[in-house]
Amino acid sequence: MSRPRLPGPLTVAELVRLGPLSRGRSCGAQDLNRHVSGVTLVSDLDTARGNKPGTALVVHPAAAHGVWAVESALRLAWECNAACVVAPGGITVTGPTTRLAERLRMPLFIVDDPCDLALGIAATIADTEAARSRLTARCAALFGELRKARDILGVINTEIPGVSAALVAEDGHLLAGRSEAAGHADDHAHRLQIPVPGPDGRPWATLVAQLPAASCAWVETVETILRLARDPLALSVAHDRLTMAYRASKDRLLLEALLDGSPAASASSADPVGGGVPEHLAREAGWRIDGRHIAVYLRTSRGAPPVGEAATCGLIALWQEIFPGLPVVPAPRGWVSWFTEKEGDTADVAGRVRGALAAPRIPIPLTAGVGQPGDGVAGLRRSVVEADLAAAVAGRRQAGAVEQYCELGLQVVLACLPVKEIAEAARVLLADLVADPKADVLIGTLSALLDCSGSTARAAARLGVHRNTMLGRLDRIRSCGVDLDSPEQRLALHVACYAVLGDAGRAPD
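Quantities reported herein were computed from a predicted structural model and do not represent experimental measurements. (Residues numbered from 1 in each chain as written. Predicted model: local features only at pLDDT ≥ 70, side-chain atom pairs only at ≥ 80, totals over all residues. Heavy atoms only, no water.)

*Asks:* Please clarify how the overall build of the protein chain should be interpreted in this entry.
*Replies:* Along the backbone of the protein chain there are 20 helices and 17 strands. Here the protein chain holds 509 residues, and 44% of them are scored as buried. For the protein chain, contacts bridging at least 24 residues in sequence account for 63% of all contacts bridging at least 6. (Helix = DSSP H or I, 4+ residues; strand = E, 2+ residues; numbered from the N terminus. Buried < 20%, exposed > 50% of the residue type's maximum accessible area, 1.4 Å probe, protein only. Contact = heavy atoms within 4.5 Å.)

*Asks:* Explanation requested: the packing of aromatic side chains in the structure shown.
*Replies:* The relative placement of two aromatic rings is captured by the distance of their centres and the angle of their planes. Under the definition given, this model contains three aromatic pairs. A centroid spacing of 5.5 Å and a plane angle of 85 degrees characterise the contact between Trp287 and Trp338, whose relative ring orientation is edge-to-face. You can see Trp287 sitting in the loop between α9 (278-284) and β12 (292-300) and its partner Trp338 sitting in strand β14 (residues 334-340), a full 51 residues away along the chain. Trp338 carries the same exposure label as Trp287, and that label is buried. Three or more aromatic residues joined by ring pairs make a cluster, and in this case those are Trp319, Phe323 and Phe339. Lying over the aromatic face of Tyr297, Arg299 brings its terminal NZ or CZ to 5.9 Å of the ring centre. (Phe/Tyr/Trp six-rings, centres within 6.5 Å; stacked < 30°, edge-to-face > 60°. Lys NZ or Arg CZ within 6 Å of the ring centre and 35° of its normal.)

*Asks:* Which parts of the structure should I look at to understand the confidence of the model for the protein chain?
*Replies:* Averaged over all residues, the pLDDT of the protein chain equals 81, while 88% of them reach at least 70. Under a pLDDT of 50 for its full length, residues 264-274 has, in the predicted model, 22 contacts with residues more than four places off or in other chains. (pLDDT = per-residue confidence, 0-100.)

*Asks:* Help me understand the side chain of Thr346, please; the structure alone is not making it clear to me.
*Replies:* Relative to the helices and strands, Thr346 is located in helix α11 (residues 346-357). The buried category is assigned to Thr346, whose relative accessible area is 10%. Within the structure, Thr346 has its side chain in polar contact with the side chain of Gln404 (distance 3.0 Å). (Polar contact = N/O pair within 3.5 Å; in protein donor to acceptor, adjacent residues only side chain to side chain.)

*Asks:* Looking at this model, I keep getting lost on helix α12 (residues 376-394). Mind explaining?
*Replies:* Spacing of three or four residues puts side chains on the same side of an α-helix, whose turn is 3.6 residues. In a regular helix each residue adds 1.5 Å, so 19 residues correspond to 27 Å; α12 covers 26 Å between its end C-alpha atoms and thus fits that length. In terms of burial, α12 is a largely internal element, 14 of the 19 residues being buried. (Expected span 1.5 Å × (residues − 1).)

*Asks:* Sorry, what's going on with the pairing of strand β13 (residues 328-331) here?
*Replies:* Here is the key point about a regular strand: its side chains alternate between the two faces of the sheet. A two-sided burial pattern is seen for β13, the buried positions comprising Val328 and Pro330 on one face and Val329 and Ala331 on the other. Bridge count for β13 against β14 is four bridges, and the pairing is antiparallel. Among the inter-strand pairings, Val329 is bridged to a residue of β14, identified as Val336. Here β13 hands over to β14 after two residues, the two strands then running antiparallel side by side. (Pairing = 2+ DSSP bridges.)

*Asks:* How do you make sense of the packing of helix α17 (residues 439-451) against helix α18 (residues 456-463) when you look at a structure like this?
*Replies:* Two quantities define a packed helix pair, namely the angle between the helix axes and the distance between the axes. Axis separation between α17 and α18 bottoms out at 8 Å; the angle between their running directions is 125 degrees. In terms of orientation, α17 lies oblique with respect to α18. Considering how the two elements wind past one another, α17 and α18 form a crossing that is right-handed. From α17, Gly444, Thr445, Ala448, Leu449 and Asp451 reach across to α18, where they touch Thr456, Ala459, Arg462 and Leu463. For the contact of α17 with α18, a count of residues per class yields four nonpolar, three polar and two charged. (Axes fitted to C-alpha atoms, helices over the stretch in contact; angles between N-to-C directions. Parallel < 35°, antiparallel > 145°, perpendicular 65-115°, else oblique. Left-handed = near helix turned anticlockwise from the far one by under 90°. Nonpolar A, V, L, I, M, F, W, Y, C, P; charged D, E, K, R; others polar.)

*Asks:* Is there a simple way to explain the sheet that holds strand β8 (residues 164-169) in this structure?
*Replies:* By definition, the strands of a sheet pair up through backbone hydrogen bonds, in either a parallel or an antiparallel sense. In space, the four strands of this open sheet follow the order β9-β8-β11-β10, with antiparallel pairing throughout. Strands with a single pairing partner mark the edges of an open sheet, and in this sheet they are β9 (174-177) and β10 (189-197). Strand-to-strand twist across the sheet, computed as the mean angle between neighbouring axes with direction ignored, equals 20 degrees. The sheet contact formed by β10 and strand β11 (residues 203-212) spans nine bridges and is antiparallel. Residue Ala189 lies in a different strand from β11, and its bridge partner there is Pro212. Contacting β8, β9 and β11, helix α6 (residues 149-159) crosses the sheet at an angle of about 150 degrees to β8. Each of β8, β10 and β11 touches helix α8 (residues 216-260); the most contacted strand, β10, lies at about 35 degrees to it.

*Asks:* What am I meant to see in the sheet that holds strand β5 (residues 55-59) here?
*Replies:* With respect to topology, five strands assemble into an open sheet ordered β2-β7-β6-β5-β4, the strand pairing being mixed. If you trace the sheet from one side to the other, it starts and ends with β2 (25-26) and β4 (38-42), each paired once. Note that β5 and strand β6 (residues 84-88) share three bridges and pair parallel. Note on β6: the bridge partner recorded for Val58 is Val86. Seen against the sheet, helix α2 (residues 69-79) touches β5, β6 and β7 (108-111) and runs at an angle of roughly 160 degrees to β6. Lying over the sheet, helix α4 (residues 114-126) contacts β4, β5, β6 and β7, oriented at roughly 165 degrees with respect to β4.

*Asks:* Quick question: what am I supposed to make of the environment of Ser453 here?
*Replies:* If you trace the backbone, Ser453 turns up in the loop between α17 and α18. It is 10.0 Å that separates the C-alpha atoms of Ser453 and Arg490, two residues lying 37 residues apart in sequence.

*Asks:* Is there a simple way to think about unusual backbone geometry in this case?
*Replies:* Glycine aside, residues mostly have negative phi angles, and peptide bonds mostly take the trans form. Even without glycine at this site, Asn81 takes up a positive phi of about 55 degrees. Note on Asn81: relative accessible area 44%, which makes it partly exposed. The backbone of Arg105 shows a phi angle near 55 degrees, a positive value even though the residue is not glycine.

Pasting the structure below:
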């Protein structure tokens, strides 16, 4: 048979939060984490000298005569290490009295009926479990009424005395609550951590709370309340993601209609965009479509895993956190955003986007293309198309690459070729060359020669090798059945080299 669990002493903060002292007026900032083991109603201050430590010293109106009555009670309470002092409301508490309470770190409360309050404190101390159960029930009721994570954390931080709580993401980012709770606990604090799952059941965040060292029963009460908050927090993130997913879908349809230049589909219950002119709907959505735009097209980098809906929502939230007020809309090959500014050029925008992609919190490895400036909706349409083409070039490089359309020229045409299919055909047609142990060197040499219009000297300089080395490699290429002197095959050979070299660095699908 297990022994009954001891409830542990209440603190002054709990008495303030749970009932009796909530009716009192607190004077000055005091140490509310003092334990309260009993209560004494004194009608003569001299009798207060024999109080046990942890006693709540309640001054009867009969003992509150004279200007120095409260100050005397504070000093007596400090000498016997009392929990707090409660004085009747009929006396005047001056500034020196408040400062004395602060200096002694002795909580001081002023109430209208000290006798009734003493009975209330005694009843609460006698049934500590009931008082803590009421607190747990109150928090559970408040959790059920809230939908935002920060509101739920607000209940924990305001309703539970002495507790500082925060919601921390898996990467350590503070999602809601108090930053000090997310840090390391000091030696005198107790730390609680409750995992919070996401809508898919996988770990999403951790609910962290710090509280002063207290009884096991109080720690258990706090842990129970934190566990009660876990499901509402998971529900809040599910609600946020659902809302964001719906908005992303609506924005995608609106962007398509805006870029097509055609009226949106007629209103119907199944159409999230609804009827109306796209420009009008875009303005209602808060998009800036007037003025000078520079579009940015975001794509996942080569070899990145497929992007799920949750990652899309996270990307949209982080992008808007980095660039407040800037739209970011899902598109067929990634996400579209645009800067609307009177000043600034594409290089400036590219630099800002490059800095954003380097942020460690971006959940997806991204590359980006930047279009040229365009005025109005027509300019935005053109800039988005250019940004998409530039993003095709950037997408063949490492995560974080940003390309400007104005710097690429005809390279965007090569970037749009179906490299994988062309590379497969090239490996068949150039089988002997691809099978050569030095295939990478030879194909690179052949590509450089074609880039340099057949000039062996320029190609050797470009590769950083001697011209004789260049000639030796060309002989070896010819021995693999490649005809370098056929003008009809030169374009196809050039494209084949480009595809094989480009596909060699592609991660497996």
